[in-house]
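# Tertiary structure, described
Given next are the chains, with one letter for each unit.
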Amino acid sequence: MTNFRWNSPIRLLTAFAVLVLTTASWAQQRPAVVEKLAKAYGFDSYGQIDAVRYTFNLTFPGVNLSRSWTWEPKTNQVTYEGKDKSGKPVKVTYRRTELNSQPANVKDEVDPGFINDNYWFMLPFHVYWDSSATVTEQGMKKLPVGNGTAQLISVKYPNEGGYTPGDTWDLYLGKDYRIQAMVYHRGGPKKPSLVVASWAGYKKGGPLLVSTEHSGTADGNALHLTFTNVAVKLAGSNKWMNVQ
């Protein structure tokens, strides 16, 4: 199975760390739109979330993969169900805080996959969390897919560090600060170099808003990325709440 991913230098922070980053001094260091974007996706109530689950599905010429995840942000515990490079079924549970003690397949295959898929799944939060990224407002621009215009913000990562240094994510926001479309520019030589995708199929589970449908192109080839089996488990409850 081809390992097709766009990994960026992100930090998957615990709930405690997130609360630290939401101080007034932190907010003053970033454009106001960063906080508005995160809040549009439920960031104010992020601390209520004990766990999220989702399946990342990607179809692209030569690629057809599906990876299922359960993430408990307060403990940073991850459960993965999918296949390894040879196509054999894999199920593993680990804590990202103890990654160095994990087998090579977890460190080299599973966790990079988790980082990639979670970035797509919770992109608005990662834009807020990732202090290394420079966010600039570009004004109203024509959408890269479909008709109309939207507010463009560019999220640029440093040229050093992370899986793919120098990445830029151009996000097109509606008046409600929801992402309508995005353009991804890879900073390094790996492929794909350019990804254009819509953000649609919005669903909500508890406080969390999720875009479950992404259609577009990667280096000019058709791409379809979806999230299925999406659910949220809130603090004080043992029941999964499906997004709808």
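Throughout what follows, the structure given in this document is the object of discussion. It should be emphasised that the depicted structure is a prediction, and the values quoted were computed from it without experimental measurement.

Regarding its fold elements, the protein presents five helices and 13 strands. Residues classed as buried in the protein amount to 49% of the 244 residues present. Looking at the protein alone, contacts between residues at least 24 apart form 52% of all its contacts between residues at least 6 apart. Split by element, the accessible area of the protein, about 11200 Å² in all, is 49% carbon and sulfur.

It is worth spelling out the packing of aromatic side chains at this point. One pass over the structure, following the stated rule, counts 19 aromatic pairs. Ring geometry for Y119 and Y157: centres 6.4 Å apart, planes at 65 degrees, overall edge-to-face. Highlighted residues: Y119 in helix α4 (residues 104-121) and Y157 in the loop between β6 (149-156) and β7 (168-173), separated in sequence by 38 residues. By relative accessible area, Y157 is classed as buried at 1%. Site record: aromatic cluster; members linked through ring pairs are F43, Y46, F125, Y128 and W129. Sitting above the plane of the Y202 ring, R178 keeps its charged end 5.1 Å from the centroid.

Attention now moves to unusual backbone geometry. One can expect most non-glycine residues to show negative phi and most peptide bonds to be in trans. In the segment running from K191 into P192, the intervening peptide bond is cis, with an omega of 0 degrees. Secondary-structure assignment places P192 in the loop between β8 (179-185) and β9 (194-198). A positive phi is found at N76, a non-glycine position, where the angle reads about 60 degrees. By secondary structure assignment, the location of N76 is in the loop between β2 (63-72) and β3 (77-83). Exposure remark for N76: the relative accessible area of 5% places this residue in the buried category. Unlike most non-glycine residues, N229 shows phi in positive territory, near 55 degrees. Structurally, the position occupied by N229 is in strand β12 (residues 221-234).

All right, on to the side chain of T212 then. Looking at the element boundaries, T212 is found in strand β11 (residues 208-218). Looking at T212, the relative accessible area reads 6%, which means it is buried. A polar atom in the side chain of T212 sits 2.6 Å from the backbone oxygen of G201. Here T212 is in contact with A200, G201, K203, L225, T226 and F227, once residues within four sequence places are set aside.

Turning our attention to the pattern of salt bridges. The final tally for this structure, using the stated rule, is five salt bridges. A salt bridge links E35 to K39, with the shortest nitrogen-to-oxygen separation between them at 3.2 Å. With E35 and K39 both in helix α3 (residues 32-40) and four residues apart, the pair spans about one turn of that helix. When its relative accessible area of 31% is taken as the criterion, E35 is described as partly exposed. Linking K74 and D50 is a salt bridge whose minimum nitrogen-to-oxygen distance equals 2.8 Å. Of the two residues, K74 is situated in the loop between β2 and β3 and D50 in strand β1 (residues 49-60); the sequence distance between them amounts to 24 residues.

Cut-off values and rules
- Residues numbered from 1 in each chain as written.
- Predicted model: local features only at pLDDT ≥ 70, side-chain atom pairs only at ≥ 80, totals over all residues.
- Heavy atoms only, no water.
- Helix = DSSP H or I, 4+ residues; strand = E, 2+ residues; numbered from the N terminus.
- Buried < 20%, exposed > 50% of the residue type's maximum accessible area, 1.4 Å probe, protein only.
- Contact = heavy atoms within 4.5 Å.
- Areas by Shrake-Rupley, 256 points an atom, 1.4 Å probe, with all protein chains shown as cover.
- Phe/Tyr/Trp six-rings, centres within 6.5 Å; stacked < 30°, edge-to-face > 60°.
- Lys NZ or Arg CZ within 6 Å of the ring centre and 35° of its normal.
- Polar contact = N/O pair within 3.5 Å; in protein donor to acceptor, adjacent residues only side chain to side chain.
- Salt bridge = Lys/Arg side-chain N within 4 Å of Asp/Glu carboxyl O.

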